[in-house]
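Residues per chain, in single letters:
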Amino acid sequence: MPNPKDGKLELLSDKNSALVLVDYQPTMYAGVASGDKTIIRNAAYCAAKAASILNIPVVLSTINPAGNGNFLAEVTNLFPGQEVYARTVPSFDAFEDEKTLNAFKKTGRKKLVVSGLWTSMCFAYTALHGIREGYEVYGLMDAGGDSTPDAHRYGIERMLQAGVVPITVESLVSEWMHDWANPKAGELVKEVYSRYGYMIGLGRQ
């Protein structure tokens, strides 16, 4: 029987979780061949947009922006004035950068929702680091992408074996919203579900 005190049985909410997005940069996208790049991009954007609507903390990290380009403007524009942490160490693991890790720690949240490019490297290594730090880690799998389908698949499998909880953007946003009585439900339908989802029959615009 599951332990009722297991934190992973507690739904994600706007009070207990924060979102970390890693390396959504042009060069990273150029190498993605594991799935539909539009779906991957939309999943990352919609998670960030939902977080902005619900006032959920978001941490953004890049590697070598001079060579790989800046973080997606459509995401950074959601958080005007917020620093994007360009890692000062040449690491695939975003949390090996002290400023990036400390930015998440300062949120005070116990649940880490993370995704990034590529799945088997920057995404996976950051997720594993989060587990080592003692956080409950949720991998936003449909926002991840890699150089090949196998790289994406086995990156996910590695995370699952380590205890990362898999989640997709519609499920994530629905957990954050919790129910249709949420006062932000209408805005989420207009700005998030209608762009990405099929769950409520709206389709992408």
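Residues numbered from 1 in each chain as written. Predicted model: local features only at pLDDT ≥ 70, side-chain atom pairs only at ≥ 80, totals over all residues. Heavy atoms only, no water.

**Quick look at the pattern of salt bridges**
Between side chains of opposite charge, pairing is possible as soon as their charged atoms come close. To be explicit about the condition: What counts as a salt bridge is simple: a side-chain nitrogen of Lys or Arg found within 4 Å of a carboxyl oxygen of Asp or Glu. Strands here mean DSSP runs of E at least two residues long; helices mean DSSP runs of H or I at least four residues long; both are numbered from the N terminus. Summary of the burial criterion: residues with accessible area below 20% of their type's maximum are buried, those above 50% are exposed, and those between are partly exposed, where the area comes from a 1.4 Å probe applied to protein chains only.
Under the criterion given, the structure shown has nine salt bridges. One salt bridge in this structure joins lysine 99 and glutamate 83, with 3.0 Å as the shortest N-O distance. Placement of the pair is lysine 99 in helix 5 (residues 98-105) and glutamate 83 in the loop between helix 4 (73-76) and strand 3 (85-86), with a sequence separation of 16 residues. Taking the shortest distance from any N to any O, the salt bridge between lysine 111 and glutamate 136 comes out at 2.5 Å. Residue lysine 111 is located in strand 4 (residues 111-116), and its partner glutamate 136 is located in strand 5 (residues 136-140); the two are separated by 25 residues in the primary sequence. On the basis of relative accessible area, lysine 111 is assigned to the buried category, the value being 0%.

**Quick word on the confidence of the model for the protein**
The following threshold applies: pLDDT measures how confident the predictor is about each residue, on a scale from 0 to 100. Should any heavy atoms of two residues lie within 4.5 Å, those residues are considered in contact.
Predicted confidence across the protein gives a mean pLDDT of 93, with 92% of residues reaching 70 or more. This stretch, residues 201-205, has a pLDDT under 50; its non-local contacts, to residues over four places away or in other chains, come to 18 contacts.

**Focus on the pairing of strand 5**
We apply this condition: Note: two strands are recorded as paired if DSSP finds a minimum of 2 bridges between them. A crossover gets the label right-handed when its path from the first strand over the helix to the second runs clockwise, viewed with the strands pointing away from the viewer.
With five of five residues buried, strand 5 lies mostly within the body of the structure. Alternating residues of strand 5 divide into Glu136, Tyr138 and Leu140 and Val137 and Gly139, and every residue in both groups is buried. Taken together, the four bridges between strand 4 and strand 5 define a ladder with parallel strand orientation. Its bridge partner being in strand 5, lysine 111 is matched across the sheet by glutamate 136. Of the crossover connections in this fold, the one passing from strand 4 over helix 6 (residues 119-132) to the parallel strand 5 is right-handed. Where strand 5 meets strand 6 (residues 165-167), three bridges bridge the pair, whose relative direction is parallel. Looking across to strand 6, one finds that leucine 140 is bridged to isoleucine 167. The parallel pair strand 5 and strand 6, bridged by helix 7 (residues 149-162), forms a crossover whose chirality is right-handed.

**Here's the deal with the nonpolar core**
We count it as follows: Within this scheme, the nonpolar core is defined by two criteria: the residues are buried Ala, Val, Leu, Ile, Met, Phe, Trp, Tyr or Cys, and they are joined through side-chain atoms within 4.5 Å.
Counting residues in each nonpolar core, the largest one holds 41 residues, and the members touching the most others are Leu19, Leu21, Tyr24, Val75, Leu172, Trp176 and Leu188. The set of elements that each furnish at least two residues to this core consists of strand 1 (17-22), helix 1 (26-30), helix 2 (37-54), strand 2 (58-62), strand 5, helix 8 (169-177) and helix 9 (185-196). Top element by residues in this core is helix 2. It accounts for eleven residues. If we skip the residues at most four places from it in the chain, valine 75 touches Leu21, Tyr45, Ala48 and Leu60. Among the nonpolar cores identified, the runner-up in size contains 22 residues, and Leu112, Ala124, Ala127 and Met141 belong to it.

**With respect to the environment of asparagine 16**
Keep this limit in mind: Whenever two N or O atoms come within 3.5 Å, that pair is a polar contact, provided that in protein one can donate a hydrogen and the other can accept it, and provided that, for residues adjacent in sequence, both atoms are side-chain atoms.
Structurally, the position occupied by asparagine 16 is in the segment before strand 1. With 94 residues separating them in the primary sequence, asparagine 16 and lysine 110 have C-alpha atoms 6.1 Å apart. The residues touching asparagine 16, leaving out its near neighbours within four places in the chain, are Glu10, Leu11, Arg109, Lys110 and Lys111. In terms of polar contacts, asparagine 16 uses its side chain to reach the backbone carbonyl oxygen of leucine 11, at 3.0 Å.

**Examining the side chain of aspartate 146**
Topologically, aspartate 146 is positioned in the loop between strand 5 and helix 7. Other than its neighbours up to four places away in sequence, aspartate 146 contacts Gly31, Val32, Ala33, Ser34, Trp118, Thr119, Ser120, Ala151 and His152.

**A few points about unusual backbone geometry**
Trans is the common state for peptide bonds, and a negative phi is the common state for residues other than glycine. A cis geometry characterises the amide bond from leucine 117 onward to tryptophan 118, with omega recorded as 0°. Tracing the backbone shows tryptophan 118 in the loop between strand 4 and helix 6. With phi around 60°, asparagine 55 is a residue other than glycine that occupies positive phi space. Looking at the secondary structure, you find asparagine 55 in the loop between helix 2 and strand 2. Its identity is not glycine, yet histidine 178 carries a phi of approximately 80°, on the positive side. Position of histidine 178 relative to the elements: it lies in the loop between helix 8 and helix 9.

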